[in-house]
Amino acid sequence: MYLNYLAMKKITFLKQAFFLTVALSFIGVFQSCDKEDNPVVNPEAKKVTFKAESFTEWTYFSFEKGTVVTVDQEEYSENLNWDMGFLRFNIRTNGGTSGKGQGAVYATDKKSFDEVTTIPTSGLITDSEISVMKSGDMPPKYAKTTGNTAFKVGENQGWAFYNYKTGDWTINNNVFIVRSANGKYAKVIMKNFLNEKDESGYITFEYVYPFN
């Protein structure tokens, strides 16, 4: 009797172990299916092109809207609906002296978005005073305004270099990490300052947003 009892207990235990194994297998399958049905999707890079040829009026862009937005030229620093501003090749962000947002920039030496995988914890540059050309007249005259020096155009710095002797633009295609007005991040590569007719004042850049 006692041996039969032990045999029955062993059979019961084996049945329970079998059903538990089957149940765990189904749970693993369902979890695997759920991961496949809901994969982590990284935002694709987008490209935008727009005119920013004015020497006096800035053109403003919103990452959230993915387009140029209308901003009062006198009240830009009070407006949180823009993230980057363009005055020809000059660029400002919505932070520091340019706005009430959290805008700032970190310049990298990377040439592709895939190479930039982390957000820096320090070294971001906020907007300050910059000099911009008042017109296209020569010799040029300059005025003080606000902008981000990380984008300053010049040899071995910023996002481009203009050779006054040859009249050629060289774009470095570096990745910039831009903090938006609302504190989110974007990866940006400035691509061009000329249109298809080689006319200046036409901005083209690629970006990934949000990047976090």
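So, here's what we can say about the structure.

### Quick word on the sheet that holds strand β2 (residues 59–62)
One open sheet accounts for four strands, arranged β3-β2-β4-β5; its pairing is antiparallel. The open sheet has two edge strands, β3 (67–69) and β5 (90–93), and neither has a second partner. Between one strand axis and the next, the sheet turns by 35° as a mean value, whatever way the strands run. Where β2 meets strand β4 (residues 84–87), three bridges bridge the pair, whose relative direction is antiparallel. From the neighbouring strand, Thr59 faces β4, where its bridge partner is Phe86.

### So, the packing of aromatic side chains
According to the stated counting rule, one finds 18 aromatic pairs in the structure shown. Geometrically, the ring pair formed by Phe61 and Tyr207 is edge-to-face, given 5.6 Å between the ring centres and 75° between the ring planes. In this pair, Phe61 sits in strand β2 while Tyr207 sits in strand β13 (residues 200–208), placing the two residues 146 residues apart along the sequence. Take Phe61 and Tyr207: they sit in the same class, and that class is buried. With a centroid separation of 5.6 Å and an interplanar angle of 50°, the aromatic rings of Phe89 and Trp169 are classed as tilted.

### A look at the environment of Arg92
Mapping Arg92 onto the fold places it in strand β5. Taking C-alpha positions, Arg92 is 9.1 Å from Tyr60, a pair spaced 32 residues apart along the chain. Within the structure, the side chain of Arg92 is placed 2.7 Å from the side chain of Tyr60, a separation counted as a polar contact. For Arg92, the side chain forms a polar contact with the side chain of Thr145, separated by 2.9 Å.

### Topic: the sheet that holds strand β11 (residues 175–179)
Strands sit in the order β1-β13-β12-β11-β6 across an open sheet of five strands; the sheet is antiparallel. Strand pairing shows two members of the sheet lacking a second neighbour, β1 (46–51) and β6 (104–107), which therefore form its edges. Within the sheet, the average angular offset between the axes of one strand and its neighbour, ignoring direction, is 30°. Pairing analysis gives four bridges linking β6 to β11, with the strands arranged antiparallel.

### Let's talk about the nonpolar core
Grouped together as the largest cluster of nonpolar side chains are 27 residues, with contacts concentrated most on Phe63, Phe86, Trp159 and Phe205. By residue number, the principal contributor to this core is strand β12 (residues 185–194), which donates four residues. Once you skip the residues sitting within four places of it in the chain, Phe63 turns out to touch Asp83, Met84, Val178, Ser180, Ala186, Val188, Phe205, Tyr207 and Tyr209. Counting nine residues, the second largest nonpolar core, distinct from the first, contains Trp58, Val69, Ile130 and Val132.

### Some remarks on the environment of Gly95
Its place among the elements puts Gly95 in the loop between β5 and β6. Taking the C-alpha atoms as reference points, Gly95 and Ile125, 30 residues apart in sequence, are found 9.6 Å from one another. Non-local contacts of Gly95, meaning those with residues more than four positions away in its chain, are made with Gly101, Gly103 and Asp127.

### Here we look at the pairing of β2
A regular strand places its side chains on the two faces of the sheet in alternate fashion. A two-sided burial pattern is seen for β2, the buried positions comprising Thr59 and Phe61 on one face and Tyr60 and Ser62 on the other. Alignment of β2 against β3, held across three bridges, turns out to be antiparallel. By the bridge assignment, Tyr60 is partnered in β3 with Val69. Counting the residues that bridge the hairpin from β2 to β3 gives four residues, and of these Gly66 lies at a positive phi of roughly 70°.

### Details of the pattern of salt bridges
Under the criterion given, the structure shown has three salt bridges. The residue Lys100 makes a salt bridge to Glu78 at a minimum N-O spacing of 2.7 Å. Of this pair, Lys100 sits in the loop between β5 and β6 while Glu78 is found in the loop between β3 and β4, placing the two residues 22 residues apart along the sequence. As far as burial versus exposure is concerned, Lys100 and Glu78 are alike and both exposed.

### Focus: unusual backbone geometry
Cis rather than trans, the peptide bond between Met138 and Pro139 has omega equal to 0°. Here Pro139 lies in the loop between β7 (128–133) and β8 (142–147). The omega torsion across Tyr209 and Pro210 is -5°, close enough to zero to call that bond cis. Summarising the element assignment, Pro210 is placed in the segment after β13. Of note in this structure, Arg88 is not a glycine but carries a positive phi near 60°. Structurally, the position occupied by Arg88 is in the loop between β4 and β5. Its relative accessible area of 12% is what places Arg88 among the buried residues. Phi angles above zero are rare outside glycine, and Asp198 is one such case at about 65°. When you line up the elements, Asp198 lands in the loop between β12 and β13.

Thresholds, definitions, all that
Residues numbered from 1 in each chain as written. Predicted model: local features only at pLDDT ≥ 70, side-chain atom pairs only at ≥ 80, totals over all residues. Heavy atoms only, no water. Pairing = 2+ DSSP bridges. Helix = DSSP H or I, 4+ residues; strand = E, 2+ residues; numbered from the N terminus. Axes fitted to C-alpha atoms, helices over the stretch in contact; angles between N-to-C directions. Phe/Tyr/Trp six-rings, centres within 6.5 Å; stacked < 30°, edge-to-face > 60°. Buried < 20%, exposed > 50% of the residue type's maximum accessible area, 1.4 Å probe, protein only. Polar contact = N/O pair within 3.5 Å; in protein donor to acceptor, adjacent residues only side chain to side chain. Core = buried A, V, L, I, M, F, W, Y, C linked by side-chain atoms within 4.5 Å. Contact = heavy atoms within 4.5 Å. Salt bridge = Lys/Arg side-chain N within 4 Å of Asp/Glu carboxyl O.

What is shown is where atoms sit, not what they do.
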